[in-house]
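Summary of the model geometry
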Amino acid sequence: MNDDIASQLRDIHLPAAVSWWPPAPGWWVLAALLSVLLTFGAWRWRTRQRRASLEDVARDEITRLWAEYMRDSDAQALVSGLSNVVRRVALARYPRAQVAGLTGRAWLEFLDRSAGSTDFTEGGGRVLIEAAYRPDSTVDSEALVWLVRNWVGRVAL
């Protein structure tokens, strides 16, 4: 009789192994958070690289202009070149609609606002708009180069 009961028993069946897919909801949240953080980090890194590159290129151009000025003593070329550098940096850093149409005093006021100073409207930076129309104007070339370098450093951050 025991043999009859034992023959009716079935073998033990283990449950199926827990699958790794689909992951638990916590893993989905963690993956989404990690994805957002990685995307934000890549965006910040790229932005910093672009700005650092912009600053490096502008500083190299300023150095080249200064070297040409030291060789030729052409203040008009120095002022014109520095004005172009400032304009290109501003166009690269700020929206085109905000910067492209600015001329004269409005341009200098924008430069002051972006640098947090009054060196362009009230200081030596005025020469950026005056020298183009007055070739005989006096230029404090060292102060102007320092001002433009300082502005590029502040804006390109």
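Residues numbered from 1 in each chain as written. Predicted model: local features only at pLDDT ≥ 70, side-chain atom pairs only at ≥ 80, totals over all residues. Heavy atoms only, no water.

1. Regarding the side chain of T47
Among the structural elements, T47 can be located in helix α2 (residues 25-72). Judged by its relative accessible area of 15%, T47 is buried. Within the structure, the side chain of T47 is placed 2.8 Å from the backbone oxygen of W43, a separation counted as a polar contact. (Helix = DSSP H or I, 4+ residues; strand = E, 2+ residues; numbered from the N terminus. Buried < 20%, exposed > 50% of the residue type's maximum accessible area, 1.4 Å probe, protein only. Polar contact = N/O pair within 3.5 Å; in protein donor to acceptor, adjacent residues only side chain to side chain.)

2. Observations concerning the environment of V86
Note that V86 resides in helix α3 (residues 75-93). Those residues within four positions of V86 in sequence are excluded, and the remaining contacts are W107, L111, V148 and W151. (Contact = heavy atoms within 4.5 Å.)

3. Some thoughts on α3
Taking 1.5 Å of rise per residue, 19 residues should cover 27 Å, and α3 covers 27 Å from first to last C-alpha, within 8% of that figure. Residues of α3 that are buried: L78, V79, G81, L82, V85, V86, V89 and A90. Residues of α3 that are buried sit in contact with α2, α4 (96-99), α5 (104-115), α6 (127-130) and α7 (141-155). Two or three places before Q76, at the start of α3, stands the capping residue D74, its side-chain oxygen 3.3 Å from that residue's backbone nitrogen. (Expected span 1.5 Å × (residues − 1).)

4. Describing the pattern of salt bridges
For side chains bearing opposite charge, pairing can occur when the charged atoms are close. A full pass over the atoms with the stated rule returns 6 salt bridges. Notably, a salt bridge pairs E68 with R64, separated by 2.3 Å at the nearest N-O pair. Placement of the pair is E68 and R64 together in helix α2, with a separation of 4 residues, close to one helical turn. E68 gets classed as partly exposed once you look at its relative accessible area, which sits at 28%. For the salt bridge of R105 with E109, the shortest nitrogen-to-oxygen distance reads 3.4 Å. Note that R105 and E109 are positioned in helix α5 at a spacing of 4 residues, about one turn of the helix. Residue classification places E109 among the partly exposed residues on the basis of a relative accessible area of 33%. Within the structure, one salt-bridge network assembled from shared partners comprises E61, R64 and E68. (Salt bridge = Lys/Arg side-chain N within 4 Å of Asp/Glu carboxyl O.)

5. Some thoughts on the packing of aromatic side chains
Within this structure, the stated rule accounts for 6 aromatic pairs. Relative to W21, the ring of W20 lies with its centre 5.6 Å away and its plane at 65°, an arrangement referred to as edge-to-face. Relative to W43, the ring of F40 has its centre 5.9 Å away and its plane inclined at 35°; by these criteria the two rings are tilted. Pair noted here: F40 and W43 are both in helix α2, with a separation of 3 residues, about one helical turn. Of the aromatic side chains, those joined through ring pairs into one cluster are W20, W21 and W28. Between the NZ or CZ atom of R87 and the centre of the ring of W107, over which it lies, the distance is 3.7 Å. Across the ring face of Y94, the terminal group of R93 is positioned such that the distance to the ring centre comes to 5.5 Å. (Phe/Tyr/Trp six-rings, centres within 6.5 Å; stacked < 30°, edge-to-face > 60°. Lys NZ or Arg CZ within 6 Å of the ring centre and 35° of its normal.)

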